[in-house]
Amino acid sequence: MTKQAAALIVAAGRGSRLSEGGGDQPKQYRLLGGLPILSHTVRAFLSHPGISRTLVVIHKDDRALYDEAIAALPHPLRASLLPPVTGGSTRQMSVCAGLAALDAQSPDHVLIHDAARPFIPAAVISRVLEQLEGRKPAVLAAVPVFDTLKRQDARSGGLETVDRSNLWAAQTPQGFAFDAILQAHLQARAAGRSDFTDDTAVGEWAGLTTSLAEGHPDNFKITTQADLIRAEQRIAMTSSSALPPLASLGDVRHGTGYDVHAFEPGDAVILGGVPVPHDKKLKGHSDADVALHALTDAILGAIADGDIGAHFPPSDPKWKGAASDQFLKDAIRRVHALGGQIAHLDVTIICEAPKIGPHRDAIRAKIAEICALPVTRVSVKATTSERLGFTGRKEGIAAMASATVRLPFSDD
Ligand code: MG
């Protein structure tokens, strides 16, 4: 009879060096290709034929985030997923809690894996399982160290070269005979040890010999913002078949837009949906929001779907005095209808007056709100034209915009 192997995924950490744009959200729930990192990681184990049960250890505050991450997975896959377990104050304590919960399932083997390693190849899981089947008590997925390593003397600051020929960089999963690692963890806890940073270290402390299984460079741990960017690039290049739809918006499109409106007597101009006090207003059939018109055309350009005039003809009385946010929202609806998303918007407003600077943040926030985008994906800039040309003569305002759109790959 084949042995039963369980997967234990450790997702209880608080640490986030990925603070930029992600608030204080733990990194395992940050989005990667439109899905939480944890969704990708859990999916890899649920999909592997050699894993009969998967259990995730989470932080007590993260239940809603966890539920959301799991809801993103196809329903049939979730059949072998056990209810999550609340972790402890250190990684070691969290693993111990997970092992205690798995004990009821009496698995023969367990693979312990970091939630922040979403690209774990099925072949690496298979190699760890193979060694466990061969009666190795502890198996470490690891990759050889290729960089030359230096050790710095704490006092003198001098460097010495470390012989790298027998060095390995530890990854996860780390696989174990279940009873052996459960006992090792219980002993470590009883001995007051709570500082082991990985599970083979706990096993080695308890006398288990660790064997090596070949890891994979793709199986890197997402720790820094640079790692997250590398992970996004990798997702974008992965074929759409293996990943959920949102993870495959790798077809990146770019569009530009340009618009001009002339001044006429008035008391404010509308720019990016924000009324900016001025001694004139902009003349136009709608509210003449030159910035939103340029942005709308940029988005339509990115999806090669005509222009604002084609969809909202100025000859149609229906658009007289219309608020221009509806034009922009319509362009975004067209992107969504293609299964795509806006990655970034950038608009430059060109005029001598009014001064845009004091209103820039408000305009940026308003555009982000209209488009339902994080404000970090919206840029608003302004410039004069050095008193040259029609904008220089204060006859009107011009705006130019660009839009970056991500679409799913299609057969065209
Ligand atoms: Mg216009």
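Residues numbered from 1 in each chain as written. Predicted model: local features only at pLDDT ≥ 70, side-chain atom pairs only at ≥ 80, totals over all residues. Heavy atoms only, no water.

**Student:** Can you walk me through the coordination of the magnesium ion in this structure?
**Tutor:** In ideal tetrahedral geometry, four donors around a metal make angles of 109.5 degrees, whereas ideal octahedral geometry with six donors gives angles of 90 or 180 degrees. Around the magnesium ion, the protein contributes the donor atoms D259 (OD), H261 (NE2) and H293 (ND1), at 2.1 to 2.2 Å from the metal centre. Summarised as a motif, the one-chain spacing of the donors to the magnesium ion is D-x1-H-x31-H. In this pair, D259 sits in strand β12 (residues 251-265) while H293 sits in helix α8 (residues 290-302), placing the two residues 34 residues apart along the sequence. We note that D259, like H293, is buried. (Donors = N, O, S within 2.8 Å, 3.2 Å for Na, K, Ca; no water. Helix = DSSP H or I, 4+ residues; strand = E, 2+ residues; numbered from the N terminus. Buried < 20%, exposed > 50% of the residue type's maximum accessible area, 1.4 Å probe, protein only.)

**Student:** Help me understand the nonpolar core in this model?
**Tutor:** Core analysis: the biggest nonpolar cluster contains 41 residues, and L271, I299, L345, I349, I367 and I397 have the highest contact counts within it. Those elements that provide at least two residues to this core are β13 (268-271), β14 (274-277), α8, α10 (325-337), β16 (341-350), α11 (360-371), β17 (378-383) and β18 (396-407). Residue contributions to this core peak at 9 residues, all from α8. Here I367 is in contact with G272, L292, L295, L345, V347, V378 and V380, once residues within four sequence places are set aside. Counting residues in each nonpolar core, the second largest holds 30 residues, with A5, Y29, L73 and L132 among its members. (Core = buried A, V, L, I, M, F, W, Y, C linked by side-chain atoms within 4.5 Å. Contact = heavy atoms within 4.5 Å.)

**Student:** Help me understand the packing of helix α3 (residues 91-102) against helix α5 (residues 178-190), please; the structure alone is not making it clear to me.
**Tutor:** Axis angle and axis distance: for two packed helices, these are the angle between their axes and the distance between the axes, and together they describe the pair. With their axes 10 Å apart at the nearest point, α3 and α5 run at an angle of 135° to one another. With respect to their mutual orientation, α3 and α5 come out oblique. α3 and α5 meet at a crossing whose hand is left-handed. Each of Q92, M93, V95, C96, L99, A100 and L102 in α3 lies in contact with α5, whose residues at this interface are F178, I181, L182, H185, L186, A188 and R189. Taken together, the residues that form the contact of α3 with α5 break down as 11 nonpolar, 2 polar and 1 charged. (Axes fitted to C-alpha atoms, helices over the stretch in contact; angles between N-to-C directions. Parallel < 35°, antiparallel > 145°, perpendicular 65-115°, else oblique. Left-handed = near helix turned anticlockwise from the far one by under 90°. Nonpolar A, V, L, I, M, F, W, Y, C, P; charged D, E, K, R; others polar.)

**Student:** Whenever I open this one, a nonpolar patch on the surface confuses me. Can you help?
**Tutor:** Together, Y258, V260, F390 and M400 line one region of the surface with nonpolar side chains, adding up to about 360 Å² of accessible area. Position of V260 relative to the elements: it lies in strand β12. Looking at V260, the relative accessible area reads 34%, which means it is partly exposed. (Patch = residues over 30% accessible without salt bridge, like charges linked within 9 Å, V, L, I, M, F, W, Y side chains within 5 Å. Areas by Shrake-Rupley, 256 points an atom, 1.4 Å probe, with all protein chains shown as cover. Salt bridge = Lys/Arg side-chain N within 4 Å of Asp/Glu carboxyl O.)

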